[in-house]
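# Coordinates in review
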Amino acid sequence: MEKRRVVITGMGVVSPVGNTVEEAWTSVKNGKSGIGKITLFDSSRVDVKIAAEVKDFNIENYGIPNRATRKMARFSKFCLGATAQAVQDAGYTKETLQNDKVGVLVGCCIGGMDATSEGFKKIDDPEAGPSRIPPLTTPLMISNEAAANVNIYYGLKGFSWTMGTACASGTDAIGLALDVIRSGRCDVCITGGTEAAITEFSIASFVALQALSHSYNETPEKASRPFDKDRDGFVLGEGSAMFVLEELEHAKARGAKIYAEVAGFGSSCDAYHITAPLKDGSGAALAVKEALEDADLKPEDIQYYNAHGTSTKANDSGETAMLKLAFGEHAKKLHISSTKSMTGHLVGAAGAIEALFCVKAINEGFIPPTINLENQDVEGGCDLNYTPNIGVREKVKATASASLGFGGHNGCIILKEYTE
């Protein structure tokens, strides 16, 4: 049976490098970092003083009144802001969207950590205690609330699902959205990822895990340096990227602009360790191979791979090994880059914003760089072409983007140029 084709007709983003698609894309094209000193809390008690924060975010800029978001945590506001952009970009309004068969599927790993942290502060305060915990703490902190708030705001009564597969959440959400549209469960799916976990508790927890970069507190823009010999951990980021995915004939019937086709999805689990990836990359390679097969493409059909590229010792070498397994000899010809060098690691939203950059790479024929790649760790196994420091013009017909999460969760999506 022939698969229903699925295309992207709308995009939106709220991120450390810009709060619109064009602003974010211009930043990464030009190698502009969104990492800086932490301002969201007093970082004096933690060893890491830097993060990739969203700046100058105002929900009203997207036509959403502030009163509509008063009962939302930061991650839900980001999601709604990015969704509003994507919905408008796709040519929909609240009313026209309600006339279609629409689902919502959002990737989110951590949820409302700001609300959780505030609740802990109250319970530990001797002058407050358990009875003073804000009554909306639970609905603010649980990870499904971003998707729920999208449904509530737009009056959408189709499915409202949340994908929680750690750092693969955003990628897996888009992949599952592809599958549900193919299945006929819906014609349109609002999908992507969101996260807002820059709190003292989150930073301290990742510090305890020895996962964050700690050597660049005075030069934050240098801290995220995937595949570089001097990398020492990832930089926590926040934000949201959202898409309108649509069945092709449905999109054509309403005259929608088509950005790209979502061609394939693959998923796997390392079944190995709760935080560490398989060193040989074999688990993640299964997801990439499955995505290529699903897209009916060969490795040599892919021109650009947006790397998970976290800037940790374990990920970058393991991901390189994975690329060699998944792409074979073509891995040496691939254009690869890690945009996390600029955005930081958006956790549950990482795969979504990286998918957005893949779409822009297809649309504009431009490969964004991996910045801070000053001393490539060839001896450590990072010996491919990671597009160091300066982006390059290149015709891009098809891209792959993989996300590799704690627990061994791996997801990969294939995006390609739309042709009739």
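Structural data are supplied above this passage.
Summarised in this report is the structure supplied together with it. The residue numbers shown here count from 1 along each chain, following its written sequence. Only residues with pLDDT of at least 70 get local features here, since the model is predicted, and only at 80 or more are side-chain atom pairs given and counted; chain-wide, interface and lining totals rely on the full set of residues. The basis for every side-chain value is the complete set of non-hydrogen atoms in the structure, without hydrogens or water.

### Overview of the nonpolar core
Note the threshold: Definition of nonpolar core: a set of buried residues of the types Ala, Val, Leu, Ile, Met, Phe, Trp, Tyr and Cys, connected through side-chain atoms within 4.5 Å. Between buried and exposed lies partly exposed: a residue is buried under 20% and exposed over 50% of the maximum accessible area for its type, with that area taken using a 1.4 Å probe on protein chains only. Each helix is a run of H or I in the DSSP string that is no shorter than four residues. Each strand is a run of E no shorter than two, and both are numbered from the N terminus. Contacts are assigned to residue pairs with any non-hydrogen atoms lying within 4.5 Å of each other.
In this structure, I8, M11, F243, L245, L356, F357 and L415 are the most contacted members of the largest nonpolar core, which totals 47 residues. Mapped onto this core, the elements with two or more residues apiece are β1 (6–14), α1 (21–29), α7 (169–183), β7 (239–247), β8 (260–269), α13 (350–364), β11 (366–367) and β14 (409–416). Ranked by residues supplied to this core, first place goes to α13 with ten residues. If sequence neighbours within four positions are ignored, L245 has contacts with V6, V7, I8, I174, A177, L178, I181, D187, V188, C189, T191 and V262. Listed in part, the 35 residues of the second largest apolar core include A90, V106, C108 and A196.

### Quick word on the pattern of salt bridges
Should their charged atoms come close, side chains of opposite charge can pair. In plain terms, the rule: Throughout this description, the term salt bridge denotes a Lys or Arg side-chain nitrogen within 4 Å of a carboxyl oxygen of Asp or Glu.
Applying the stated rule across the entire model yields 25 salt bridges. Where E379 meets K229, a salt bridge forms, and the shortest distance between an N and an O atom there is 3.2 Å. Of this pair, E379 sits in the loop between β11 and β12 (392–393) while K229 sits in the loop between α8 (200–208) and β7; the two residues are 150 residues apart in sequence, bridging distant segments of the chain. On the accessibility criterion, E379 (66% relative accessible area) is exposed. In this structure, E246 engages R254 in a salt bridge whose closest nitrogen and oxygen atoms are separated by 2.6 Å. You can call R254 partly exposed: its relative accessible area is 28%. What you see here is one network of salt bridges that share partners, running through K3, D179, R182 and D294.

### Here we look at the environment of K395
For clarity, the cut-off: Any pair of N or O atoms that falls within 3.5 Å is considered a polar contact. Within protein, one atom must be able to donate a hydrogen and the other to accept it, and sequence-neighbouring residues count only if both atoms are side-chain atoms.
In this structure, K395 sits in the loop between β12 and β13 (398–405). Overall, the relative accessible area of 48% leaves K395 in the partly exposed class. K395 sits 29 residues away from F366 along the chain, and the two C-alpha atoms are 7.2 Å apart. Reaching out from K395, the side chain makes a polar contact with the side chain of E417 at a distance of 2.9 Å.

### Topic: the sheet that holds strand β5 (residues 160–163)
This is how the line gets drawn: By this definition, two strands are paired if DSSP reports at least two bridges between them. To get an axis, a line is fitted to the C-alpha atoms, and for a helix only the part in contact is used. The angle between two axes follows their N-to-C directions and goes from 0 to 180 degrees.
With mixed pairing, ten strands are arranged side by side in an open sheet as β5-β4-β6-β7-β1-β8-β14-β13-β9-β10. Looking at which strands have only one partner, the edges of the open sheet turn out to be β5 and β10 (335–337). Mean inter-strand twist for the sheet, computed between neighbouring axes without regard to direction, equals 25°. With three bridges connecting them, strand β9 (residues 304–306) and β13 associate as parallel partners. Residue pairing across strands places Y305 opposite A400, the latter belonging to β13. Along the sheet face, helix α2 (residues 74–89) touches β1, β4 (102–107), β6 (188–195) and β7 and points at about 135° away from the line of β1. With respect to the sheet, α7 is in contact with β1, β4, β5, β6, β7, β8, β13 and β14, its orientation differing from that of β8 by roughly 115°.

### Details of a nonpolar patch on the surface
Operational definition: Only residues above 30% relative accessible area that lack a salt bridge enter a patch, with like-charged residues linked at up to 9 Å and the nonpolar side chains Val, Leu, Ile, Met, Phe, Trp and Tyr linked at up to 5 Å. Note on areas: Shrake-Rupley with a 1.4 Å probe; residue coverage comes only from the protein chains shown.
Taken together, the side chains of F120, I123 and I133 make up a nonpolar region of the molecular surface, amounting to roughly 240 Å² of accessible area. Summarising the element assignment, I123 is placed in helix α4 (residues 113–124). With relative accessibility at 37%, the residue I123 sits in the partly exposed group.

### A short note on the environment of D280
Take D280: it is sitting in the loop between β8 and α10 (282–295). Considered as a pair, D280 and M322 are 42 residues apart in the sequence and their alpha carbons are 6.5 Å apart. Within polar-contact distance, the side chain of D280 engages the side chain of S282 at 2.8 Å.

### As for the packing of aromatic side chains
Applicable threshold: For Phe, Tyr and Trp, where Trp contributes only its six-membered ring, two rings pair if their centres lie within 6.5 Å, and the inter-plane angle classes them as stacked under 30 degrees, edge-to-face over 60, or tilted in between. Counting as a charge over the ring demands two things of the Lys NZ or Arg CZ atom: a distance within 6 Å of the ring centre and an angle within 35 degrees of the ring normal.
Going through the model one piece at a time under the given rule, you end up with ten aromatic pairs. Between the aromatic rings of Y153 and Y154, the centroid separation amounts to 5.0 Å while the plane-to-plane angle is 85°, which identifies the pairing as edge-to-face. Each member of the pair Y153 and Y154 is classed as buried. Measuring from ring centre to ring centre gives 5.3 Å for F206 and F234, while their planes differ by 75°; the resulting arrangement is edge-to-face. Of this pair, F206 sits in helix α8 while F234 sits in the loop between α8 and β7; the two residues are 28 residues apart in sequence, bridging distant segments of the chain. Considered together, F206 and F234 belong to a single accessibility category, that of buried residues. Among the aromatic residues, those joined into a cluster by ring pairs are W25, F357 and F366. Its end group placed over the ring of Y92, R254 keeps NZ or CZ at 3.9 Å from the ring centre.

### Here's the deal with the packing of α1 against α13
Condition: The labels follow the angle: roughly parallel below 35 degrees, roughly antiparallel above 145, roughly perpendicular from 65 to 115, and oblique for the rest. Classification used: nonpolar for Ala, Val, Leu, Ile, Met, Phe, Trp, Tyr, Cys and Pro, charged for Asp, Glu, Lys and Arg, polar for all others including Gly.
Viewed as axis vectors pointing N to C, α1 and α13 meet at an angle of 80°, and their least axial separation amounts to 11 Å. When the axes of α1 and α13 are compared, the pair comes out roughly perpendicular. Mapping the contact onto sequence places V21, E22, A24, W25, V28 and K29 in α1 and L356, F357, K360, A361 and E364 in α13. Here the residues of the contact of α1 with α13 are counted per class, giving seven nonpolar, no polar and four charged.

Remember that the coordinates give geometry; whether it matters functionally is a separate question.
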